[in-house]
Amino acid sequence: MSRHGLHRRTRHHGPRRKAVLLGVVGTTVVAGIAATTVPLLAADDVSIRATADTTATTVPQDGDNGAKTTLATCAARCDGNPRGAREAVIRFAVTSLPASAVNIRATLRVHAWQKFPATVTAHASTADAGAARPAPTPPGPALDAVSPVAAGFNEWDVSALVRGNGTWTVSLAQTGLETRIYWASTENSNPDLRPRLEIRYDVGTSPTPAVTSAAPSPSRTVAPTLAPRPTPSASPTRALPRPSASPSGGTGRCGEVSDKLVPSCGAWWGMYSPADAGGGWDHGAAVAEVEAQVGRKFDIVHRYHDFSGTGSNGAFPDAYQRQQMREGRLMFFAWESRVFSSGTVLTWRDVYSGRYDATIDAVAGRIRDTGVPVFMGFDHEPEDEPAKGSDADFVRAWRHVHDRFAAAGAHNAVWVWTMMGWSGHYDRYAALYPGDRYVDWVGYDPYNFHVCNGSTVWKSPATTIGGFYRWLDEHRLGVGKPRMLAEFGTNFNAADPDAKRRWFEEFPAALRAHPKIKAAIYFNSAGMTRRTSTCDMTMNHDASAVAGFTRAGRDSYLRQPTGGSR
């Protein structure tokens, strides 16, 4: 976690405390899939800006709606005017879908600043969205409705209209409230608030039968009593089938997982929950406590590790992680080039020079011996590590670690490249990217800090996660790679006690509107912030927040049908 615009604090001389969005296939998850195949996956899902929008109305004083920064909707009787109806009309040009695109799912997203007890229905429209103040036209077929209107982005499923490339126009008609609702238009000064059409599609190739593992690789076990330094025994508790080799096609059924841990539907739901000395550094209990609060297992457990090569920090996977894998969770190991206990910071030159090859090889061997896919990261948020070297040094160190894992046969490591995703570093990300051959997932760490970083802005989930997502699309970095919120989080709003609950409840819809994100991991720690009367980034600081987070975790988009107790 970095508080953008603020200097970092001195790091803790202990495990880095963070939460991450990632997807990993754990033992029960993999065991629960009879034959793991690579499904039809979104080849390059697209987010499209509107080409034109306007407010259709016969009210003359509305003037030139085409030049306004807002759109308006209103019922037929509006603010006392019996002929005051207004419809928001929005046009999109879809041009980039391949001819093989099938199962097209289109979501219209339009931003309102306040919540209203109204129903707003999306219709296919023949109105001219490029005209100033056109008259309303007879509505086309109803596509979807929102009721009530939420503060933030509202979403309509317009898949019945958008069937492929072409020009598509949607009108929004309001009922149930006889006063105007304002929406952000394409001319709004904040590009994050402008209307968008999010399209997800599959590539229609011929199915290839799943390849199953002929000889399952057994897991190692540990003594029943967990300790920070386990000694594996030779007796497995469960045979763990490996994910299939990547076939060229798939069935497209939900519940399938690729060899790179990409779920065929929805997204993984993960947690970073820190342990401390008072709890005996029991990392298993730290996660289990949150799971008990929210009533479900997490798909992914995220931990930070160092280059010490010893103890739970450096000799990983440790007893807690092995137990969590046996219970069906996926592991995400974020490996930091430092030593937590001493505060020693390694440089990237130290890493690629060969000085730490014995440490790298030992970790690679233990990862290989787990026999199941795991997420691996190296030095997340490198753009915030000036003491470690240049961007080129980071890339060289990443490739060195990756190549040593490959040489050790640790092909079950799924590599997650994790950036802050802050706009202040957009000019550096291309130079920090190790290359498609070295990266399996693209991760970033978005936060709604609110007043924690001195701002007063409250960002919706869609706004929080949308900025870097669109930048990746526009600059075509990591094309075709699944994306992960390797960390995410939100503050509360002291002026609105239920704002955090609503933020969590809105989060699954934000993920649906950003379909390339296939894993999200909450960073349940203060991190680089301080807990105050107006700042607390944890998801369980009060009952309202826990209720919202629990509801999010029950959403079908975040409950993978892949075995275990999901």
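Peer 1: Can you explain the overall build of the chain? Please cite residues and give values.
Peer 2: A tally of helices and strands in the chain yields eleven helices and 24 strands. Of the contacts formed within the chain by residues at least 6 apart in sequence, a portion of 81% connects residues at least 24 apart. In the structure as shown, the chain presents an accessible area of about 21000 Å², 51% of it carried by carbon and sulfur atoms.

Peer 1: Just give me the short version of unusual backbone geometry, but keep the residues and values in it.
Peer 2: Of all residues except glycine, most have a negative phi; of all peptide bonds, most are trans. Serine 147 connects to proline 148 through a cis peptide bond whose omega is -5°. Examined against the element boundaries, proline 148 turns out to sit in the loop between strand S7 (142-146) and strand S8 (152-157). Look at the link from phenylalanine 316 to proline 317: it is a cis peptide, with omega at 0°. In this structure, proline 317 sits in the loop between helix H3 (311-314) and helix H4 (319-326). With a phi angle near 50°, arginine 476 is a residue other than glycine that sits in the positive phi range. Inspection of the secondary structure puts arginine 476 in the loop between helix H9 (461-475) and strand S23 (483-490). We classify arginine 476 as exposed; its relative accessible area is 52%.

Peer 1: Account for the state of the cysteines, naming residues and giving values.
Peer 2: In the structure shown here, the tally under the stated rule is two disulfides. In this model cysteine 74 forms its disulfide with cysteine 78; the gap between the sulfur atoms is 2.0 Å. A torsion of 100° about the S-S bond marks the disulfide between cysteine 74 and cysteine 78 as right-handed. Here cysteine 452 pairs with cysteine 535 through a disulfide, and the sulfurs are 2.0 Å apart. One quick way to see it: the torsion about the S-S bond of cysteine 452 and cysteine 535 is about 110°, and its sign makes the bridge right-handed. Of this pair, cysteine 452 sits in the loop between strand S22 (447-448) and H9 while cysteine 535 sits in the loop between strand S24 (517-523) and helix H11 (543-553), and the two are 83 residues apart along the sequence. Summarising the burial analysis for this pair, cysteine 452 and cysteine 535 share the class buried.

Peer 1: Please set out the environment of arginine 531 residue by residue, giving values where relevant.
Peer 2: Along the chain, arginine 531 turns up in the loop between S24 and H11. On the basis of relative accessible area, arginine 531 is assigned to the exposed category, the value being 53%. Each C-alpha atom of the pair arginine 531 and cysteine 452 lies 8.7 Å from the other, and the pair is 79 residues apart in sequence. Within the structure, arginine 531 has its side chain in polar contact with the side chain of aspartate 536 (distance 3.4 Å).

Peer 1: Tell me about the pattern of salt bridges, and please be specific about residues and values.
Peer 2: Close approach of charged atoms allows side chains with opposite charge to pair. Scanning all chains against the criterion turns up 27 salt bridges. Notably, a salt bridge pairs arginine 109 with glutamate 155, separated by 3.1 Å at the nearest N-O pair. Placement of the pair is arginine 109 in strand S5 (residues 101-112) and glutamate 155 in strand S8, with a sequence separation of 46 residues. A residue is classified by how much of its surface remains accessible, and arginine 109, at 1% relative accessible area, is buried. The exposure class of glutamate 155 is partly exposed, given its relative accessible area of 21%.

Peer 1: Which residues make up the environment of aspartate 536, and what values go with them?
Peer 2: Locating aspartate 536 in the fold gives a position in the loop between S24 and H11. Distance from aspartate 536 to asparagine 493, taken between C-alpha atoms, is 9.5 Å for residues 43 residues apart in sequence. In this structure, aspartate 536 is in contact with Cys452, Thr490, Asn491, Phe492, Lys500, Arg531 and His541, ignoring residues within four places of it in sequence.

Peer 1: Pulling in residues and values, what's your account of the packing of helix H10 (residues 499-512) against H11?
Peer 2: Running from amino to carboxyl end, H10 crosses H11 at an angle of 5°, the nearest separation of the two axes being 7 Å. Considered as vectors, H10 and H11 are oriented roughly parallel to each other. Residues Lys500, Arg501, Phe504, Glu505 and Pro508 of H10 pack against Ser544, Ala545, Gly548, Phe549, Arg551 and Ala552 of H11. In terms of residue class, the contact of H10 with H11 is made up of five nonpolar, two polar and four charged.

Peer 1: Residues and numbers for the nonpolar core, please.
Peer 2: Of all hydrophobic cores here, the largest spans 73 residues; its most connected members are Met376, Phe405 and Trp417. Core analysis: the next-biggest nonpolar cluster, separate from the first, contains 36 residues, Ile48, Val94, Ala112 and Ala122 among them.

Peer 1: Requested: an account of the sheet that holds S7, with residues and values cited.
Peer 2: Read across the sheet, five strands follow the order S2-S4-S9-S6-S7 without closing on themselves; strand pairing throughout is antiparallel. Looking at strand neighbours, the two that pair on one side only are strand S2 (52-57) and S7, the edges of this open sheet. Neighbouring strand axes in the sheet, compared pairwise and without regard to direction, differ in orientation by 25° on average. Relative to strand S4 (residues 86-94), S2 runs antiparallel, the two being bridged by six bridges. Each bridged residue has a counterpart across the sheet, and for aspartate 53 the counterpart in S4 is isoleucine 90.

Reading the values: rules and limits
- Residues numbered from 1 in each chain as written.
- Predicted model: local features only at pLDDT ≥ 70, side-chain atom pairs only at ≥ 80, totals over all residues.
- Heavy atoms only, no water.
- Helix = DSSP H or I, 4+ residues; strand = E, 2+ residues; numbered from the N terminus.
- Contact = heavy atoms within 4.5 Å.
- Areas by Shrake-Rupley, 256 points an atom, 1.4 Å probe, with all protein chains shown as cover.
- Buried < 20%, exposed > 50% of the residue type's maximum accessible area, 1.4 Å probe, protein only.
- Disulfide = S-S within 2.5 Å.
- Polar contact = N/O pair within 3.5 Å; in protein donor to acceptor, adjacent residues only side chain to side chain.
- Salt bridge = Lys/Arg side-chain N within 4 Å of Asp/Glu carboxyl O.
- Axes fitted to C-alpha atoms, helices over the stretch in contact; angles between N-to-C directions.
- Parallel < 35°, antiparallel > 145°, perpendicular 65-115°, else oblique.
- Nonpolar A, V, L, I, M, F, W, Y, C, P; charged D, E, K, R; others polar.
- Core = buried A, V, L, I, M, F, W, Y, C linked by side-chain atoms within 4.5 Å.
- Pairing = 2+ DSSP bridges.

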